[in-house]
Amino acid sequence: MHLLPSDSSQDSLPAFKSAGKRQNSDNSTVTAILLRMVAHISALVLPSIIIYYAVADYSLFSWHPILMVLGCSLLMLEGIVIFSKDSSLFPSMARTTKASIHYWLVGIGGTCVLSGLAVIHFHKERLGKNHYTTWHGLFGVTTVGYLCAQSLGGVILKYHKYLSGFIKVRLADLKLYHATSGLLAFTLVTLTIVLALQSNWVSAHIPWYLWYVCMACVSSGALVVMNHITTTYLPIAMKKPPAQR
């Protein structure tokens, strides 16, 4: 005897599908939130680890890793991702407000970096040691120099309306150049931090399992910045006519 499905079982199918869609939507929302927070978690975890061990064995040298990690891994990273549609904590904030926050975060971060460079220079002078004898030192001073040039570009961009008589570049093009140059700057920052994680100080103070945590934080922050700049500005560059490239 063949049994036909009851009306109640047929009615339950749409409800089941709807529940499945809601579950998928909830999972997508959770994933989006986690991805949005990756950069910010990294920006807090890495400085926390470095600062904890720097303070635990405090000396004048301790200010070098403290200032550098605050300037690069916290302030500069947050100053960049505030523009990201995927990672910004304030995605609906007006772009002019984001730009102002970006200037302040990157400016204070740059001050921390210059102060960190001054600390290590004075520390080595006091000990009578040579400067920039390691790959970390060479990449570090190169990165600081490039960050200064990048900051100058940011000042030109901010005050473009006052400098347009001297700089014959469209504002849209300046934004594109500043963003893509910023990707190179943050790549140099990332390489310098990776080299710092190979230093004797890190080997002597930070446990091996936290070393991997630090590397994960550096990598995730770099990937977020790279994804933001390439997905936002690369399509704009590709759409420009060949004569303007």
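Residues numbered from 1 in each chain as written. Predicted model: local features only at pLDDT ≥ 70, side-chain atom pairs only at ≥ 80, totals over all residues. Heavy atoms only, no water.

Student: Can you explain the confidence of the model for the protein chain? Please cite residues and give values.
Tutor: Mean pLDDT over the protein chain: 87, with 82% of residues reaching 70 or higher. Helix 2 (residues 63-81) holds the highest mean pLDDT among the elements of the protein chain, 97, whereas helix 1 (residues 7-56) holds the lowest, 72. (pLDDT = per-residue confidence, 0-100. Helix = DSSP H or I, 4+ residues; strand = E, 2+ residues; numbered from the N terminus.)

Student: How would you explain the nonpolar core if you had to name every residue and give the values?
Tutor: Ranked by size, the top nonpolar core spans 28 residues in total, and within it Leu 46, Val 113, Trp 201 and Ile 206 carry the most contacts. Taken together, the elements giving at least two residues each to this core come down to helix 1, helix 2, helix 3 (95-127), helix 4 (135-158), helix 6 (171-196), helix 7 (200-205) and helix 8 (208-239). Ignoring anything within four residues of it in the chain, the contact list for Val 113 reads Leu 67, Met 68, Gly 71, Cys 72, Met 76, Val 144 and Leu 147. Membership of the second largest hydrophobic core comes to 12 residues, among which are Leu 77, Val 81, Phe 186 and Val 224. (Core = buried A, V, L, I, M, F, W, Y, C linked by side-chain atoms within 4.5 Å. Buried < 20%, exposed > 50% of the residue type's maximum accessible area, 1.4 Å probe, protein only. Contact = heavy atoms within 4.5 Å.)

Student: Report on the packing of helix 3 against helix 4, specifying residues and quantitative values.
Tutor: It is at 11 Å that the axes of helix 3 and helix 4 come closest, and there the two elements cross at 155°. The orientation of helix 3 relative to helix 4 falls into the category roughly antiparallel. With respect to the hand of their crossing, helix 3 and helix 4 are arranged in left-handed fashion. Between helix 3 and helix 4, the residues in contact are Tyr 103, Val 113, Leu 114 and Leu 117 and Val 144, Leu 147, Cys 148 and Lys 158, respectively. (Axes fitted to C-alpha atoms, helices over the stretch in contact; angles between N-to-C directions. Parallel < 35°, antiparallel > 145°, perpendicular 65-115°, else oblique. Left-handed = near helix turned anticlockwise from the far one by under 90°.)

Student: I'd love a proper account of the environment of Leu 174, names of residues and values included.
Tutor: Counting through the fold element by element, Leu 174 comes out in helix 6. Linking Leu 174 and Gly 154, residues 20 residues apart in sequence, is a C-alpha distance of 9.0 Å. What Leu 174 contacts, discounting residues up to four positions off in sequence, is Ile 156, Leu 157, His 160 and Val 169.

Student: Explain the packing of aromatic side chains to me, and be specific about the residues and the numbers.
Tutor: For any two aromatic rings, the description comes down to two numbers: the centre-to-centre distance and the angle of the planes. Applying the stated criterion across every chain, the model contains 7 aromatic pairs. Aromatic side chains Phe 61 and Trp 201 sit 6.2 Å apart centroid to centroid with 55° between the ring planes, which places their arrangement in the tilted category. Note that Phe 61 is positioned in the loop between helix 1 and helix 2 and Trp 201 in helix 7, a separation of 140 residues in sequence. The pair formed by Phe 61 and Trp 201 is uniform in burial state, with each residue classed as buried. Where Trp 208 meets Tyr 209, the ring centres are 5.8 Å apart and the plane angle is 90°; that geometry is what we call edge-to-face. Relative accessible area serves as the criterion here: at 65%, Trp 208 is assigned to the exposed category. Grouped by ring-pair contacts, the aromatic residues Trp 208, Tyr 209, Trp 211 and Tyr 212 constitute a single cluster. In this structure, Lys 158 packs its charged tip against the face of Tyr 159, placed 5.7 Å from the ring centre. (Phe/Tyr/Trp six-rings, centres within 6.5 Å; stacked < 30°, edge-to-face > 60°. Lys NZ or Arg CZ within 6 Å of the ring centre and 35° of its normal.)

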